[in-house]
Amino acid sequence: MSIRTDHPGTLAQDRGRAFSTRALSTTTTPGDGHAARATPIYLTAGFVLDDFDHAHARFAGESEDDGFVYTRHGNPTTRTVEARLASLEGGDEAILLASGQAAVAATLLGLLSAGDRLVSSASIYEGTKGLILEHLGRFGIGVDFVGDPADPAAWEAAITDRTRAAFGESIPNPRNDVLDIPTVAGIAHRHGIPLVVDNTLATPALLRPLEHGADVVVHSASKFLAGHGAALGGAIVLAPADRWDQSRYPQLAERTGPDGLTALDRGGDRAFAIYLRDLVVPRLGAAPSPINAFLIGQGLETLAPRVERQSENAATIAAFLAERPEVARVDYAGLPGSPHHATARRLLGDGRGSVFAVTLAGVSFAARAVFDAVEVFTRMTHLGDVRSLILHPASTTHLPRTPAELESSGIGPGLPRLSVGIEDVQDLLADLAQALDAIGRPVPAAVEADGSPDGRKAPALPGPVTGPAARAATSPVALAHRALTAQEA
Ligand SMILES: *Cc1c(COP(=O)(O)O)cnc(C)c1O
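Residues numbered from 1 in each chain as written. Predicted model: local features only at pLDDT ≥ 70, side-chain atom pairs only at ≥ 80, totals over all residues. Heavy atoms only, no water.

Caption draft 1: Local environment of helix H11 (residues 290-301). With 12 residues, H11 extends 17 Å from end C-alpha to end C-alpha; this agrees with the ideal 16 Å at 1.5 Å per step. Of the residues making up H11, those classed as buried are Pro290, Ala293, Phe294, Ile296, Gly297, Gly299 and Leu300. Buried-residue contacts for H11 involve helix H3 (76-89), strand S1 (93-97) and helix H12 (303-322). The N-cap residue of H11 is serine 289: its side-chain oxygen and the backbone nitrogen of isoleucine 291 are 3.0 Å apart. (Helix = DSSP H or I, 4+ residues; strand = E, 2+ residues; numbered from the N terminus. Expected span 1.5 Å × (residues − 1). Buried < 20%, exposed > 50% of the residue type's maximum accessible area, 1.4 Å probe, protein only. Contact = heavy atoms within 4.5 Å. Polar contact = N/O pair within 3.5 Å; in protein donor to acceptor, adjacent residues only side chain to side chain.)

In structure tokens form, the structure reads like this:
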């Protein structure tokens, strides 16, 4: 079954127009005669087949119309949002899925077969790491992690003759070690393989990886693309596969349709895109609801101004936190002192991102105090929301990881992650200031007596450490170690 995609990419009328104009572009939804300006929601499982010949033509991909048959294979609402996202990422086409995790899974399962290997930055989203290690591993797909993604030689050394894809994130979370996409793409292409970049944290408003040499972009659309935090979604955006060698992927040379043609026969440079859209994505089954597709489309319209404001707020907050005595370290590539600042300037320009980690002196004791004291920030596992959010990864999302794994990911017990929203920055600063002040307050008896490891150990941990000298003496790794041993004791 193949649905007419007529290369959504940039719509003819949009060529030459700026990002924020294209975000509001007229829809490509097939005309239903009502001329709705907002994207209509086609909430239907299937599409009516007129007669025997029409049914055949639609399934054979030969009908004169849009070719929709069943929403798992494609839907007009979803298709409109895909066209808009492809345009914003500068891609040839986009595929919307039910979640970001589904987008990563479909992309990797489309590229890799048993016996193949993936080379990946070690600095990636926890869910993706779990997928690669615990699931792809079970199907005979190996992974080589690059511990220092900023080192080109480390990427070179990790690529074997069985490696069939390279993976990284544009702005990794929480370390903010911005990926040098042009360099890694160059290495991948010399080995004939594509570079897949998870662009969730940068968004196309700040960085368009395909313009820097990446071949496939994946997104958790649940985050910035939607922005409102009201829907889950994922996306895959594809450039034509003219920078890597599709002939090394046997799955693209297998018969795909009733015409007996293969994805390579049908698509040339679009073979991988056709294979993903027609076979992999519908068979894995993570189709987005047209309602969620609509909500993501609404989010895309305001992406640029939201991200701009979030970046500005985050830069102000990061600079404020870096000066506070309770803070040992701020991992924000937008700060001139960050080791990743130069790469960030080169790839993100003035944009800086709005998700970053703060390491508090006084570790879990301090993290608990700040986490519990915030009033404007919301305690939640999510990011890229219009609201500011705070999370303590070591005690939540990263619970399954061992202390050694946490340390290598740069996640200590004193590390809260912030995702900065669009609120008034003065209110956010005041909220963080009063939350940091809470570190100095005595631990309430209730917490000490509650039997929780932190409550019990809190008095044994270094209390609030203050002053620049103390800051230098308390590297986050040393503090993390001390806290973890204290908890084990
Ligand atoms: C959240 C996230 C994902 C997973 O997306 P879901 O929509 O939650 O499935 C993948 N990558 C990154 C970088 C994320 O932040």
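Still to come is the rest of the account.
Caption draft 2: Seen up close, the sheet that holds strand S2 (residues 117-121). Strand order in the open sheet formed by seven strands is S1-S7-S6-S5-S4-S2-S3, with mixed pairing between adjacent strands. Of all the strands in the sheet, just S1 and strand S3 (142-146) have a single pairing partner and so form its edges. The mean angle between the axes of side-by-side strands here comes to 20°, regardless of whether they run parallel or antiparallel. As judged from the five bridges shared by strand S6 (residues 216-220) and strand S7 (residues 234-238), these two strands associate in the antiparallel manner. (Pairing = 2+ DSSP bridges. Axes fitted to C-alpha atoms, helices over the stretch in contact; angles between N-to-C directions.)

Caption draft 3: Seen up close, the side chain of serine 170. Structurally, the position occupied by serine 170 is in the loop between strand S4 (163-169) and helix H7 (181-190). Residue serine 170 is classed as buried on the basis of its relative accessible area of 0%. With residues near it in sequence (within four places) discarded, serine 170 still touches Val178, Leu179, Ile181, Val197, Asp198, Asn199, Ala202 and Leu207.

Caption draft 4: Structural view of the pattern of salt bridges. Scanning the entire structure with this criterion turns up 24 salt bridges. The salt bridge partner of glutamate 326 is arginine 324, with a shortest N-O separation of 2.8 Å. Residue class for arginine 324 comes out buried when judged on its relative accessible area of 15%. In the salt-bridge network here, residues are joined through shared partners; they are Arg79, Glu82, Asp92, Glu93, Arg270 and Arg277. (Salt bridge = Lys/Arg side-chain N within 4 Å of Asp/Glu carboxyl O.)

Caption draft 5: Focus on the environment of threonine 397. By secondary structure assignment, the location of threonine 397 is in the loop between strand S11 (389-391) and helix H15 (403-408). Here threonine 397 falls in the partly exposed class, since its relative accessible area comes to 30%. Each C-alpha atom of the pair threonine 397 and glutamate 126 lies 7.6 Å from the other, and the pair is 271 residues apart in sequence. In this view, threonine 397 contacts Glu126, Thr381 and Leu391; residues no more than four positions away in its chain are not counted. Polar contacts involving the side chain of threonine 397 include one to the side chain of histidine 398, which spans 2.9 Å.

Caption draft 6: The arrangement of the layout of surface pockets in detail. Of the voids in this model, the largest pocket is the one considered here, and its volume is about 700 Å³. When residues of the lining of the largest pocket are traced back to their parent elements, those giving at least two are helix H4 (100-111), helix H5 (126-136) and H15. Among the elements that line the lining of the largest pocket, the one with the most residues is H5, at five residues. Looking at side-chain class alone, the lining of the largest pocket contains 13 nonpolar, 17 polar and nine charged residues. (1 Å grid on protein atoms, 1.4 Å probe; cavity = no way out; pocket = protein on both sides within 12 Å on 5 of 7 lines; lining within 4 Å. Points joined across faces, edges and corners; volume = space filled by probe spheres on them. Nonpolar A, V, L, I, M, F, W, Y, C, P; charged D, E, K, R; others polar.)

Caption draft 7: Structural view of the nonpolar core. With 89 residues, the main nonpolar core has Leu108, Leu195, Ile236 and Phe272 as its most contacted residues. Sorting elements by how many residues they give to this core places helix H10 (residues 271-284) first, with nine residues. The residues contacting phenylalanine 272, other than those within four sequence positions of it, are Thr107, Gly110, Leu111, Val216, Leu238, Trp244, Gln246 and Leu252. One finds Ala315, Ala318, Leu321 and Val327 within the second-largest nonpolar core, a separate group that totals 32 residues. (Core = buried A, V, L, I, M, F, W, Y, C linked by side-chain atoms within 4.5 Å.)

Caption draft 8: Spotlight on the site of the ligand. Every residue lining the ligand is accounted for by Ser99, Gly100, Gln101, Tyr125, Glu169, Asp198, Thr200, Ser220, Ser222, Lys223 and Gly233. Aspartate 198 is positioned with one of its side-chain polar atoms (N or O) 2.7 Å from a nitrogen atom of the ligand. The contact in question runs from an oxygen atom of the ligand to an N or O atom on the side chain of lysine 223, over 2.8 Å. When isolated, the ligand has an accessible area of 380 Å², and the protein chains bury 91% of it. Of the residues contributing to the shell around the ligand, the split by class is one nonpolar, seven polar and three charged. (Near = heavy atom within 4 Å. Areas by Shrake-Rupley, 256 points an atom, 1.4 Å probe, with all protein chains shown as cover.)

Caption draft 9: The sheet that holds S11, seen in detail. Spatially, the five strands line up as an open sheet ordered S8-S9-S12-S11-S10, and their pairing is mixed. Taken across any chain shown, the strands that pair with only one partner, and hence form the sheet edges, are strand S8 (327-331) and strand S10 (378-379). The pairing of strand S9 (residues 355-360) with strand S12 (residues 417-419) spans three bridges and is classified as antiparallel. Looking at the pairing, phenylalanine 356 lines up with leucine 418 of S12. Its contacts with the sheet put H12 on S8, S9 and S12, and the angle it makes with S9 is roughly 10°.

Caption draft 10: Up close: the pairing of S7. For S7, a buried count of five out of five residues is recorded, marking the element as mostly surrounded by other parts of the structure. What you see with S7 is no split at all: Gly234, Ile236 and Leu238 on one side and Ala235 and Val237 on the other are buried throughout. As defined by bridge partners, S1 adjoins S7 across five bridges and the pair is classed as antiparallel. Among the inter-strand pairings, leucine 97 is bridged to a residue of S7, identified as glycine 234.

Caption draft 11: The environment of histidine 382, seen in detail. Among the secondary structure elements, histidine 382 is positioned in the loop between S10 and S11. When the C-alpha atoms of histidine 382 and serine 222 are compared, they prove to be 8.5 Å apart, with 160 residues separating the residues in sequence. The residues touching histidine 382, leaving out its near neighbours within four places in the chain, are Ser222, Lys223, Gly229, Leu389, Arg417 and Ser419. Within the structure, histidine 382 has its side chain in polar contact with the backbone oxygen of serine 222 (distance 3.4 Å).

Caption draft 12: Here's a closer look at the packing of aromatic side chains. The full count for this structure, using the stated rule, is four aromatic pairs. Geometrically, the ring pair formed by tryptophan 244 and tyrosine 249 is edge-to-face, given 5.2 Å between the ring centres and 85° between the ring planes. Tryptophan 244 gets classed as buried once you look at its relative accessible area, which sits at 8%. Using a relative accessible area of 2% as the deciding quantity, one classes tyrosine 249 as buried. Measuring from centroid to centroid gives 4.9 Å for tyrosine 332 and phenylalanine 356, while their planes differ by 50°, and the two rings are tilted. With tyrosine 332 in the loop between S8 and helix H13 (341-348) and phenylalanine 356 in strand S9, this pair connects stretches of sequence that are 24 residues apart. Of the two residues, tyrosine 332 and phenylalanine 356, neither departs from the other in class, the shared state being buried. Connected via pairs of aromatic rings, a cluster forms that spans Trp244, Tyr249 and Phe272. (Phe/Tyr/Trp six-rings, centres within 6.5 Å; stacked < 30°, edge-to-face > 60°.)

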